[in-house]
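The chain contents come next:
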Amino acid sequence: MTSTESATAQVAARRAVAGVYVVFAANGLLYASWATRIPDVRDRLGVGPAVLGLALLALAAGSLVSMPLTGWACRRWGSRTITTICVVVASPIVIGAGFATNALTLGLVLFGMGLFWGAWDVSMNVQGHHVEQAVGRALMPRFHGLWSLGSIIGAAIGSGLAAVRLPVWVHFVLAAAAAVGLGLWSTARFLPDRDEIPAPGATVPQEHGSTWQVLDLRLILIGVMVLCSTVGEGAAADWLALFFRDDRNASPGLAAAGFTAFTIAMTAGRLLGTTAIERLGRGVTLRLAGVLTVAGVAITLTVPWTGVAFVGALLWGLGLSSVFPGGVSAAGDGAARPADAIAAVSTVGYAGFILGPPVIGFIAQHTSLSVGLWFVAVMGAGITLFAGATKSPQKGSGSSTTG
């Protein structure tokens, strides 16, 4: 490669880094726009928690259907094409939720949203891993940090629009337009990866094999580690504010602030995660992440003072922050079919969002919520136990994320 070609490649890589940052933020903004208006959608339809829960389950079901297929689609057409399609289709689908007339139509809309959001999630992670390899840096935690920032911005805007009673469909039109604009700007800067060359020493790809055929013991362990993390994230989203309200007798505002502290720590941890992985190594960083998670959960559940419990929530979020992005990046390293490996691990990990909260709820129903949340500490120990699987098979192949 000539010096001119090298300089051109470096410029393209920097453009792609910016593109991946923004597409993650756009995805987070769109998701938060939907999440902040769920109460308004519920009130408009007049449905109860059980019916709404079934409709919301359709969103997760759609994602679980599309995520395993997205690896193959990225191999076939490239992550730039797939992400572009998802941005253009997923964003307008959100508008349909503002016009749903009953729980059935809402469920159908949410299933469609899940199909394209799940594919969007995988395809932008595939591009993120490709960009990591191009620049030789562990950028995945920062990419996910931009998702968190986008969701915070989207939630703030959504809360404000809900407060002034802007019609839901108008809000969703504005959010969809912003997501499409940001997304198309981003994907225009993506690197081509359709003909990605596998890492040295990797098995020759089976072009027509299914996503699940890439799973080996290493990827299974990484998937389980990511699942342990998503159980903890889902538990915090569904139960942390309730724990502060019921078990610590916090006011509604203070209880909500407990989850806000968790979210802030998650965002900060992801933005700092790149530096931690590059200095300590990915394996060491993720082992420490598991330890922090266990410590944070233990402090939250055992210390009776609300202020100290907030410190626990911060450690809980900080511990989990880099596990999903670190696991996704590790899945692609050294894989013959990185897109399929990332899709498989993402799918296994995503199951934690679905399985974890009901398990904790079942335990809490028969004991107490504080007992049920100890399940998250067990998952944190699992992160430390399986973090060793994230070490790249080949030294020096790709980004500096081994450890």
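Scroll up to find the structure.
Residues numbered from 1 in each chain as written. Predicted model: local features only at pLDDT ≥ 70, side-chain atom pairs only at ≥ 80, totals over all residues. Heavy atoms only, no water.

## A word on the overall build of the chain
The line we're drawing: Every helix listed is a DSSP run of H or I at least four residues long, and every strand listed is a run of E at least two residues long, numbered separately from the N terminus. Atoms considered for the radius of gyration are the C-alpha atoms alone. The globule rule reads 2.2 Å times the number of residues to the power 0.38. The buried label applies to any residue whose accessible area, calculated with a 1.4 Å probe on protein chains only, is under 20% of its type's maximum; exposed applies above 50%, and partly exposed to all values in between. Contacts: residue pairs with any heavy atoms within 4.5 Å of one another. Note on areas: Shrake-Rupley with a 1.4 Å probe; residue coverage comes only from the protein chains shown. Working convention for charge: Lys and Arg count positive, Asp and Glu count negative, and His plus the chain ends are omitted. Note on charges: their place is set at NZ of Lys, CZ of Arg, CG of Asp or CD of Glu.
Of the regular secondary structure elements, the chain holds 15 helices and 0 strands. Scaling as 2.2 N^0.38, a compact globule of 403 residues should have a C-alpha radius of gyration of about 22 Å, and the chain matches this with 20 Å. A principal-axis box enclosing the C-alpha atoms of the chain has dimensions of 65 × 45 × 35 Å. Put simply, the chain has 403 residues, and 51% of those count as buried. The contacts in the chain between residues at least 6 apart in sequence include a share of 86% that link residues at least 24 apart. Looking at the chain as shown, the accessible area adds up to about 16400 Å², and 69% of this sits on carbon and sulfur atoms. On the chain, the mean spot of the 23 positive side-chain charges and the mean spot of the 17 negative ones are 4 Å from each other.

## What to know about unusual backbone geometry
Its identity as a non-glycine residue notwithstanding, Arg165 has a phi of 60°, on the positive side. With respect to the element layout, Arg165 can be found in the loop between helix 6 (140–163) and helix 7 (168–187). Phi is positive for Asn249, close to 55°, though the residue is something other than glycine.

## Considering the side chain of Ser148
Assignment of secondary structure puts Ser148 in helix 6. When near neighbours in sequence (up to four residues on either side) are disregarded, Ser148 contacts Thr267 and Arg270.

## Thoughts on the nonpolar core
Worth spelling out the cut-off: The set of buried Ala, Val, Leu, Ile, Met, Phe, Trp, Tyr and Cys residues whose side-chain atoms join them within 4.5 Å is what this entry labels a nonpolar core.
One finds Trp34, Leu106, Trp117, Trp120, Trp316 and Leu373 to be the most contacted residues of the largest nonpolar core, which totals 95 residues. In this view, Trp120 contacts Val23, Ala26, Asn27, Leu30, Thr83, Cys86, Val87, Ala90 and Ser91; residues no more than four positions away in its chain are not counted.

## Description of helix 5 (residues 103–135)
Let me state the cut-off plainly: Any helix carries an expected span of 1.5 Å times its number of residues minus one. Nitrogen and oxygen atoms within 3.5 Å of one another constitute a polar contact, given that in protein one can donate a hydrogen and the other can accept it, and given that sequence-neighbouring residues count only through two side-chain atoms.
Here helix 5 contains 33 residues, and its C-alpha end-to-end distance of 46 Å stays within 8% of the 48 Å for a straight helix at 1.5 Å per residue. Taking the backbone nitrogen of Leu104 as reference, a side-chain oxygen 3.1 Å away marks Asn102 as the first, capping residue of helix 5. Just downstream of helix 5, Gly136 is the residue with a positive phi angle, here 70°.

## Some details on the packing of helix 5 against helix 13 (residues 338–366)
Stated precisely, the cut-off is as follows: Angles here are taken between N-to-C directions and fall from 0 to 180 degrees, while the axes themselves are lines fitted to C-alpha atoms, restricted in helices to the stretch in contact. Orientation categories follow fixed angle ranges, with anything under 35 degrees roughly parallel, anything over 145 roughly antiparallel, 65 to 115 roughly perpendicular, and all other angles oblique. Handedness of a crossing follows from how the near helix is turned relative to the far one, being left-handed for an anticlockwise turn of less than a right angle and right-handed for a clockwise one. For this classification, Asp, Glu, Lys and Arg are treated as charged, while Ala, Val, Leu, Ile, Met, Phe, Trp, Tyr, Cys and Pro are nonpolar and the rest, including Gly, are polar.
At a minimum axis distance of 9 Å, the contact between helix 5 and helix 13 shows a crossing angle of 130°. Compared by their axis directions, helix 5 and helix 13 come out oblique. As for how helix 5 packs across helix 13, the hand of that crossing is right-handed. Taking contact as the criterion, the partners of Val122, Asn125, Val126 and His129 in helix 5 are, on helix 13, Pro338, Ala339, Ile342, Ala343 and Ser346. Looking at the contact of helix 5 with helix 13 residue by residue, the class counts come to 6 nonpolar, 3 polar and no charged.

## Observations regarding the pattern of salt bridges
So the rule is basically this: Whenever a carboxyl oxygen of Asp or Glu lies within 4 Å of a side-chain nitrogen of Lys or Arg, that contact is scored as a salt bridge.
Under the definition given, this model contains 7 salt bridges. The salt bridge partner of Arg137 is Glu278, with a shortest N-O separation of 2.9 Å. Of the two residues, Arg137 sits in the loop between helix 5 and helix 6 while Glu278 sits in helix 9 (residues 252–280), which places them 141 residues apart along the sequence. Exposure remark for Glu278: the relative accessible area of 29% places this residue in the partly exposed category. The partner of Arg270 in a salt bridge is Glu233, and the shortest N-O contact between them spans 3.7 Å. Here Arg270 is found in helix 9, whereas its partner Glu233 is found in helix 8 (residues 217–246), with 37 residues between them in sequence.

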